[in-house]
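Summary of structural features
So the chains spell out like this:
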Amino acid sequence: MDVTITRERPDTPEAEALVMELEEHLAARYPVESRHGFSVSQLVEQGVDFFVLREDGRPAACGGILIVDGEGDEPYGEVKRMYARDAFRGKGYGRRVLARLLDHARERGVTLVRLETGIDQVEAIGVYESMGFRTCPPFGPYRDDPLSPTYEVRLPA
């Protein structure tokens, strides 16, 4: 089995399909006011560095990272649009994509990485916490929302 992770534009057909599947998954679980994911066009417009994991050439998982200037605070990376297709879950692909995103943040000189997720994303939260993420106060555009916890991790320099 050949597994690769490549940086791609989020508006390619395969990447866009992954993002749309994630949006459908979240729309079935959360009200619109608790869903904060970027659309494909927002991923492109905001300059999100986006990665697709493929198993034997088939798109299986994705994730992106937005480098945020910090607006007076230190810069940070924000994880965006993490997703693994159902057929590929349980293989550690989410962990592999997240590790690539963290490596990419370090390559860009960023040592603080944050994310927002949904409370029903139990498996994802388990991956985040196992990789050092801890809950934090809302940041950037996020506000207190019991359905939408925020996390961060400090990376070694």
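Report follows, based on the coordinates. The numbering scheme is per chain: residues are counted from 1 as the chain's sequence reads. The predicted nature of this model means local features are confined to residues of pLDDT at least 70 and side-chain atom pairs, given and counted, to a pLDDT of 80 or more, with totals for whole chains, interfaces and linings taken over all residues. Neither water nor hydrogens contribute to the side-chain values; these are computed over all heavy atoms in the structure.

1. Notes on the overall build of the protein
- Helix numbers and strand numbers start at the N terminus; a helix is a DSSP run of H or I with at least 4 residues, a strand a run of E with at least 2. Looking only at helices and strands, the protein features four helices and seven strands.
- When the elements of the protein are put in sequence order from the N terminus, they spell out β-α-α-β-β-β-α-β-α-β-β.
- Radius of gyration here uses only the C-alpha atoms, and the compact-globule reference equals 2.2 Å multiplied by the residue count raised to the power 0.38. Scaling as 2.2 N^0.38, a compact globule of 157 residues should have a C-alpha radius of gyration of about 15 Å, and the protein matches this with 15 Å.
- Dimensions of the protein, computed from C-alpha atoms along their principal axes, come out at roughly 45 × 35 × 30 Å.
- Of all 157 residues assigned to the protein, the portion counted as buried reaches 46%.
- Residue pairs at least 24 apart in sequence account for 67% of intrachain contacts in the protein once pairs closer than 6 positions are excluded.
- A total of about 8100 Å² of accessible surface is found on the protein, and carbon and sulfur atoms cover 50% of it.
- Only four residue types enter the tally: Lys and Arg on the positive side, Asp and Glu on the negative side, with His and both chain ends excluded. The atom standing in for a charge is NZ when the residue is Lys, CZ when it is Arg, CG when it is Asp and CD when it is Glu. Distance from the positive charge centre (20 side chains) to the negative charge centre (28 side chains) of the protein: 4 Å. When accessible area is computed with a 1.4 Å probe and restricted to protein chains, residues below 20% of their type maximum are described as buried, those above 50% as exposed, and intermediate ones as partly exposed. Pairs of residues are marked as contacts when any of their non-hydrogen atoms sit within 4.5 Å. In this description, accessible areas are obtained by the Shrake-Rupley approach with a 1.4 Å probe, and a residue is regarded as covered only by the protein chains that are shown.

2. Here's the deal with the environment of Pro31
- Looking at the secondary structure, you find Pro31 in the loop between helix 1 (13-27) and helix 2 (40-45).
- With relative accessibility at 30%, the residue Pro31 sits in the partly exposed group.
- With 95 residues separating them in the primary sequence, Pro31 and Gly126 have C-alpha atoms 23 Å apart.

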